[in-house]
Amino acid sequence: MAESSVNFVSATIRRGLFTRVVGRRVLFYQELGSTMDEAARLAQEKTGEGPGVGTIEGTVVVAETQTQGRGRLGRNWVSPQGNIYLSVVFRPTMENLPFLSLLAGVAAVQTIGKITGLQARIKWPNDVMVGGLKAAGILVESVIEGDELCYAVLGIGLNVGFDPNQSVETAGLATSLESATGRRIPREEVLRQLLQDLDSLYLKLQHGQSPLIQWREMLETLGRNVRVSWSDGGGSQTGIAEDIDDIGNLLLRLDGGELITVTAGDVTLAPPRS
Ligand code: BTN
């Protein structure tokens, strides 16, 4: 069902992109190693004379395919043609940095709902799930010097047209908007909506309105008995996903009664406690 490799980004822009920050500059590449690296390169490249550094905030890098797409915890992000792979350069305040990932989750859920009618949910920390399978992933990488945030790159991989069963890495774990709906979904419409939703949430964040409450309502994890595991040999813990804190960390009530704050890790549903 994947469409041919036309430049869907120019179609997105041609039909109107109504944003203030996100998409002030949009770059499309047929193939990149990772859009994260290209966005980071642009964010820190020397521009002209003087100390001015880096591309304008809101610059978007989109690739048709990635040869070294990456996910959280150093994992590979399978990146065939037909999906959306993008990174956006942001320069938020340090205070707002933790909310970038959350606002991307909210934007992805909103966009999926508006374009397809599907009700996506978020699996902590920020997997966008449709029918229990992963439809989108979010990655934030930032560079901080001293107390100063130089820039942050927000990456989103949204599965639109691919068949997840074509790859052993995604079979049974991932889905795409076309697989979930059984119909063709124009990528340019998804991209335009996603950039608009990101922009509107980012403007709100800049005006002091965090996406935390909306994000919390989209979490499918809360109240469930879960296992949190750490792939770097850190083992695992089970307990009730009781709540989140004020920047989106998971508050896990361990089986022994202790409440711990989880800042990273993988969550899977565990059998309900007897
Ligand atoms: C995850 O769920 O592990 C996060 C996946 C993030 C994938 C996107 S695709 C666009 C951008 N470029 C990358 O290399 N990664 C992010």
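Each chain has its residues counted from 1, following the order in which its sequence is written. The predicted origin of the model limits local features to residues at a pLDDT of at least 70 and limits the giving and counting of side-chain atom pairs to 80 or more, whereas totals for whole chains, interfaces and linings rest on all residues. With hydrogens and water stripped out, all remaining heavy atoms of the structure feed into the side-chain values.

> I keep staring at the overall build of the protein chain and nothing clicks. Help me out?
Secondary structure summary: the protein chain contains six helices and twelve strands in total. Relative to the compact-globule value of 19 Å for 274 residues, the protein chain shows a C-alpha radius of gyration of 19 Å, a close match. Projected onto its principal axes, the C-alpha positions of the protein chain cover 60 × 50 × 35 Å. Classification of residues uses two cut-offs on accessible area relative to the type maximum, computed with a 1.4 Å probe and protein chains only: under 20% is buried, over 50% is exposed, and between them is partly exposed. Expressed as a percentage of its 274 residues, the buried residues of the protein chain come to 53%. Throughout, a contact is declared for two residues whenever any of their heavy atoms are within 4.5 Å. Nonlocal contacts in the protein chain, meaning residues at least 24 apart in sequence, comprise 64% of its contacts between residues at least 6 apart. Where accessible areas are quoted, they stem from the Shrake-Rupley method and a 1.4 Å probe; at the residue level, only the protein chains shown are allowed to cover. Of the roughly 12,500 Å² of accessible surface on the protein chain, 49% is carried by carbon and sulfur atoms. Elements are defined by DSSP. Helices are runs of H or I of four residues or more, strands are runs of E of two residues or more, and each kind is numbered from the N terminus. Restricting the calculation to C-alpha atoms gives the radius of gyration, and the globule rule supplies 2.2 Å times the number of residues raised to the power 0.38.

> What is the right way to look at the environment of Pro92 in this model?
Counting through the fold element by element, Pro92 comes out in the loop between strand E3 (84-90) and helix H3 (97-116). Owing to a relative accessible area of 9%, Pro92 belongs among the buried residues under this scheme. Separated by 57 residues in sequence, Pro92 and Leu149 place their C-alpha atoms 7.7 Å apart. Not counting chain neighbours up to four residues away, the residues in contact with Pro92 comprise Glu57, Leu97, Leu100, Leu149, Ala152 and Tyr202.

> Just to check I follow, could you spell out the pattern of salt bridges for this structure?
A side chain of one charge can pair with a side chain of the opposite charge if their charged atoms are brought near each other. Salt bridge, as applied in this entry: a Lys or Arg side-chain nitrogen positioned within 4 Å of an Asp or Glu carboxyl oxygen. A full pass over the atoms with the stated rule returns twelve salt bridges. Taking the shortest distance from any N to any O, the salt bridge between Asp266 and Arg75 comes out at 2.4 Å. Separated by 191 residues along the polypeptide, Asp266 in strand E12 (residues 266-269) and Arg75 in the loop between strand E2 (60-66) and E3 bring together distant segments of the chain. With relative accessibility at 35%, the residue Arg75 sits in the partly exposed group. Between Asp127 and Lys134 there is a salt bridge, and its shortest N-O distance comes to 2.9 Å. Residue classification places Asp127 among the buried residues on the basis of a relative accessible area of 7%.

> How should I be thinking about H3 in this particular structure?
Residues three or four positions apart in an α-helix share a direction because the helix packs 3.6 residues into each turn. In a regular helix each residue adds 1.5 Å, so 20 residues correspond to 28 Å; H3 covers 30 Å between its end C-alpha atoms and thus fits that length. For H3, a buried count of 16 out of 20 residues is recorded, marking the element as mostly surrounded by other parts of the structure. Two residues or fewer past H3, Gly117 is found with a positive phi of approximately 85°. Between the first and last residue of a helix there are one fewer steps than residues, each counted as 1.5 Å, and that sum is the expected span.

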